[in-house]
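Results of the structural survey
Here is how the chains run, residue by residue.
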Amino acid sequence: MNNWRTLFPCLKQKVHDRDLVYLDSAATTLKPQSVIDAVTKHYTFGTANVHRGIHFLSSDATRQFEETRESARSFINAKTHKEVIFTKGTTDGLNLIANSYAAEFLKQGDVLLISTMEHHSNIVPWQLAAQKAGFTIKEIPVLDDGSLDMNTFKKLLDSENVKMISIVHVSNTLGTINPIEEIIKLGHQKGAVVCIDAAQSVAHAKVDVQKLDCDFLCFSLHKLFGPTGVGIMFGKQELLEKMPPYQGGGAMIKEVTIEKTTYNELPEKFEAGTPNIAGVIASKAAFDFMGSLNFQAIHDYEENLLNLATEKFSQIEGLRIIGTAKKKCSVISFELKDVHPHDLGMLLDQQGIAIRTGHHCTQPLMKRFGVTATARASFTIYNNESDIDSLVNGINKAKELLS
Ligand SMILES: *Cc1c(COP(=O)(O)O)cnc(C)c1O
């Protein structure tokens, strides 16, 4: 037995007089005490702005801020800290890339590939950029089991002028793990730049940007046991050097006159304004926490929960799992015959069980599977088999009440 569960104080509370059963980690993870303490410590004793002051608190905050950058660099194995940009989250990182790379370097006649299973934050920024730059967005379809249609992907690569691919590593809705190594390799053979949405994957498997050889990669700390409002955007240095800044303001400049500005070096060139200092500093505790775990142990533990839940779900009459790809992370989307996901979510909530219901920011994927919403349970290291029992009992109770 591990002690992971005991490190998350949020789980010690009751919701509607029941022990909280938290099955919504794909939306955001709970925070271990060490991360909570780091936020409190910064605001209690360490408040200062970074990169500006010469006084003790400011230089100490700057040191800690840069220590987190080093932790992030090491976490994804980037070559240099210059390739590690702090953002507000995955969405912010993807918008940065869409504005400063796609809108600048893709032209009319160029094609950008995304898939049907993308999160809206890996769709809409490209559409906005395409409206400015005139490039075309094409879609890699999803097969009935929720895996990516790799044959069509290869055909698109052969027949279209593909300049960029932006693809999710692990689907937040289906749990599908995409073969990104292969996608990156094939994309590069075609001369395309490849961007990875790693929002879901980083908490479940080792993501090594040098081994993957991806050009861009984004994730959010709040799905990695860290604070909200902090993300990492990785970009290869040679690409980041030629990209224009995304936002202008303090910290990203070298010299400003009213007529003209020269920009700061990487990574500051992409970090305009006062960042989420407390969040970034506390993110170090999240990276340390991840460092204290072992990805193989996480994988085995979560796989066991996923298999158990899948098996128990298959015994519930009228329950259909959406997304049954061979390679899956611990996320299960499902629908229940004659029960609206929203009603199911409300009834489960009354029993202290937190799941997600809705379109999960993936409306094209909902359309693909002929639904407008699903219920989604997601598992991580602090869940256990008893959580799954509670969920299964809860679903059965809801079925009785609603049918
Ligand atoms: C959560 C999520 C996002 C968006 O992340 P934010 O933290 O909301 O910016 C993008 N893609 C996937 C796959 C996600 O799960």
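Residues numbered from 1 in each chain as written. Predicted model: local features only at pLDDT ≥ 70, side-chain atom pairs only at ≥ 80, totals over all residues. Heavy atoms only, no water.

**Digging into the overall build of the protein chain**
Counting secondary structure elements, the protein chain contains 13 helices and 17 strands. At 22 Å, the protein chain has a C-alpha radius of gyration in line with the 22 Å of a compact globule built from 403 residues. In the protein chain, buried positions account for 54% of the 403 residues. Once local pairs closer than 6 in sequence are excluded, the contacts in the protein chain between residues at least 24 apart make up 71%. Between the centroid of the 42 positive side chains of the protein chain and the centroid of its 46 negative side chains there is a distance of 2 Å. (Helix = DSSP H or I, 4+ residues; strand = E, 2+ residues; numbered from the N terminus. Rg over C-alpha atoms; globule rule 2.2 N^0.38 Å. Buried < 20%, exposed > 50% of the residue type's maximum accessible area, 1.4 Å probe, protein only. Contact = heavy atoms within 4.5 Å. Lys, Arg positive; Asp, Glu negative; His and termini not counted. Charge placed at Lys NZ, Arg CZ, Asp CG, Glu CD.)

**Comments concerning the sheet that holds strand β14 (residues 331–336)**
The strands making up a sheet are joined through hydrogen bonds of the backbone, oriented either antiparallel or parallel. The antiparallel open sheet is built from four strands, whose spatial order is β13-β14-β17-β16. The sheet is open, and its two edges are formed by β13 (319–322) and β16 (356–358), each paired on a single side. In this sheet, adjacent strand axes meet at a mean angle of 30° when their direction is disregarded. As judged from the three bridges shared by β16 and strand β17 (residues 374–378), these two strands associate in the antiparallel manner. If you follow threonine 357 over to β17, its bridge partner there is alanine 375. Here helix α10 (residues 295–314) sits on the sheet and contacts β13 and β14; the angle it forms with β14, its principal contact strand, is near 10°. (Pairing = 2+ DSSP bridges. Axes fitted to C-alpha atoms, helices over the stretch in contact; angles between N-to-C directions.)

**Points about the sheet that holds strand β6 (residues 136–140)**
An order of β4-β10-β9-β8-β7-β5-β6 is seen for the seven strands of this open sheet, with the pairing classed as mixed. Among the strands making up the open sheet, the edge pair consists of β4 (84–87) and β6. When strand polarity is set aside, the average angle formed by the axes of neighbouring strands in this sheet is 20°. By the bridge criterion, three bridges tie strand β8 (residues 193–197) to strand β9 (residues 216–220) in an arrangement that is parallel. Counted as the bridge partner of cysteine 195 is phenylalanine 216 from β9. Packed on one face of the sheet, helix α3 (residues 90–105) meets β4, β7 (162–168), β8, β9 and β10 (231–235) and runs near 155° to β9.

**What about the nonpolar core?**
In this structure, Ile165, Leu217 and Phe219 are the most contacted members of the largest nonpolar core, which totals 73 residues. If one sorts the elements of this core by residue count, helix α9 (residues 277–292) sits on top with nine residues. Of the residues that make up this core, three or more belong to each of domain 1 (2–24 + 294–402) and domain 2 (46–291). Apart from the residues lying within four places of it in its own chain, the contact partners of leucine 217 are Ile196, Ala198, Val207, Val209, Leu212, Ile232, Met233 and Phe234. In terms of nonpolar packing, the next biggest core, distinct from the first, is built from 28 residues, Leu96, Ala103, Trp126 and Ala133 among them. (Core = buried A, V, L, I, M, F, W, Y, C linked by side-chain atoms within 4.5 Å. Domains from an automatic or database assignment.)

**Quick look at the site of the ligand**
Near the ligand the following residues occur: Thr90, Thr91, His119, Ser121, Val168, Asn172, Asp197, Ala199, Gln200, Ser220, His222 and Lys223. Within the contact set of the ligand, an oxygen atom lies 2.7 Å away from a side-chain nitrogen or oxygen of glutamine 200. If the ligand stood free it would expose 380 Å²; the protein chains cover 87% of that surface. (Near = heavy atom within 4 Å. Polar contact = N/O pair within 3.5 Å; in protein donor to acceptor, adjacent residues only side chain to side chain. Areas by Shrake-Rupley, 256 points an atom, 1.4 Å probe, with all protein chains shown as cover.)

**As for the domain arrangement of the protein chain**
Along its sequence, the protein chain is organised into domain 1 (2–24 + 294–402) and domain 2 (46–291). The straight-line distance from the C-alpha centre of domain 1 to that of domain 2 is 29 Å. Facing the 30 residues of domain 1 at the interface are 29 residues of domain 2. Both faces combined, the contact of domain 1 with domain 2 buries some 2400 Å², and carbon together with sulfur accounts for 65% of it. For the interface between domain 1 and domain 2, the tally reads one salt bridge. The salt bridge partner of aspartate 144 is arginine 368, with a shortest N-O separation of 2.7 Å. The interface formed by domain 1 and domain 2 holds 14 residue pairs in polar contact (both at pLDDT 80 or more) in total. Taken together, the elements giving at least two residues each to the side of domain 1 that touches domain 2 come down to α10, β14 and α12 (363–368). Residue composition of the side of domain 1 that touches domain 2, by class: 16 nonpolar, nine polar and five charged. (Buried area = accessible area lost by both parts, 1.4 Å probe. Salt bridge = Lys/Arg side-chain N within 4 Å of Asp/Glu carboxyl O. Nonpolar A, V, L, I, M, F, W, Y, C, P; charged D, E, K, R; others polar.)

**Digging into the pairing of strand β11 (residues 253–256)**
Summarising the sheet, β11 and strand β12 (residues 261–263) pair through three bridges and their orientation is antiparallel. Looking at β12, one finds that isoleucine 253 is bridged to tyrosine 263. Linking β11 to β12, which pair antiparallel, is a turn of four residues.

**Points about unusual backbone geometry**
With an omega dihedral of 0°, the bond running from leucine 266 to proline 267 counts as a cis peptide bond. By the secondary structure assignment, proline 267 is in the loop between β12 and α9. For aspartate 338, which is not a glycine, the phi torsion comes out positive at approximately 65°. Of note, aspartate 338 is situated in the loop between β14 and α11 (341–350). Accessibility expressed as a relative area gives 69% for aspartate 338, which makes it exposed.

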